[in-house]
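This is what each chain is made of:
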Amino acid sequence: HRDMLSGKPLVIACPKLDDTSPYVDKLAQLIAYGELKSITVVHMEVPCCTALVNIARQAIADSGAPTSLESIRIGLDGKIQERVRLTN
């Protein structure tokens, strides 16, 4: 948590249990009005959590802002499996 959250705002979502369309709209507004330069999506390796990356991609596109996106996938053992910069 210290490595990924220190000094950064946090948004929590569950694409398996919730309607995700409001997530895209809200995140797009946060990006546009908050002038976010980057977003890091930290998600578990399970398929439903991977949808968070797609939500962030769509929100960045909808915002029209030049925002970079990084994806960090955490395994069920709690270790980082993959860290990928998806946009610059």
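Residues numbered from 1 in each chain as written. Predicted model: local features only at pLDDT ≥ 70, side-chain atom pairs only at ≥ 80, totals over all residues. Heavy atoms only, no water.

With respect to the overall build of the protein chain
Note the cut-off: Going along the chain from the N terminus, every DSSP run of H or I of four or more residues is numbered as a helix, and every run of E of two or more is numbered as a strand. C-alpha atoms define the radius of gyration, and 2.2 Å times the number of residues to the power 0.38 defines the globule rule. The buried label goes to any residue with under 20% of its type's maximum accessible area, the exposed label to any with over 50%, and the partly exposed label to all in between, with areas taken from a 1.4 Å probe on protein chains only. Residue contacts are defined here by distance: any two heavy atoms, one from each residue, within 4.5 Å place the two residues in contact. Accessible surface is estimated by sampling points in the Shrake-Rupley manner with a 1.4 Å probe; for residues, cover comes only from the protein chains shown.
Summing up its helical and strand segments, the protein chain has 3 helices and 3 strands in all. Shown N-terminal to C-terminal, the secondary structure of the protein chain runs as helices and strands in the order α-α-β-α-β-β. Expected size for 88 residues packed as a compact globule is a radius of gyration near 12 Å; at 13 Å, the protein chain falls within 12% of this value. C-alpha atoms of the protein chain, sized along the principal axes, occupy 35 × 30 × 20 Å. Put simply, the protein chain has 88 residues, and 27% of those count as buried. Partitioning the intrachain contacts of the protein chain with sequence separation of at least 6 by distance along the chain shows that 55% fall at a separation of at least 24. Accessible surface computed for the protein chain: about 6200 Å², of which carbon and sulfur atoms make up 53%.

What about the sheet that holds strand 1 (residues 38-44)?
Just so we agree on the cut-off: DSSP calls a pair of strands paired once it identifies at least 2 bridges connecting them. As a rule, the C-alpha atoms of each element are fitted with a line to give its axis, helices using only the stretch in contact, and angles between N-to-C directions run from 0 to 180 degrees.
Read across the sheet, 3 strands follow the order 1-2-3 without closing on themselves; strand pairing throughout is mixed. The open sheet has two free edges, formed respectively by strand 1 and strand 3 (80-87), since each of these has just one partner strand. Shown here is a sheet whose adjacent strand axes are inclined to one another by a mean of 15°, direction ignored. For strand 1 and strand 2 (residues 68-74), the ladder comprises 7 bridges, and the chain directions are parallel. Along strand 2, the bridge assignment pairs Val 41 with Ser 71. Across the sheet, helix 3 (residues 47-63) is in contact with strand 1, strand 2 and strand 3; its angle to strand 1 comes to roughly 165°.

So, helix 2 (residues 21-34)
Rules: Under the convention used throughout, the expected extent of a helix is 1.5 Å for every residue step, that is, one less than its residue count. Taking the helix axis as origin, the arc is that swept by the directions to the C-beta atoms.
Relative to the 20 Å expected for 14 residues at 1.5 Å per residue, helix 2 spans 20 Å between its end C-alpha atoms, a close match to the ideal helical length. For helix 2, the complete set of buried residues consists of Val 24, Leu 27, Ala 28 and Ile 31. Burial along helix 2 is one-sided: seen end-on, the buried residues are contained in an arc of 105°. More than 90 degrees from the buried face of helix 2, the exposed residues found are Lys 26 and Tyr 33. Along its buried surface, helix 2 packs onto strand 1 and helix 3. Note on helix 2: the residue one or two positions beyond its end, Glu 35, has a positive phi of about 50°.

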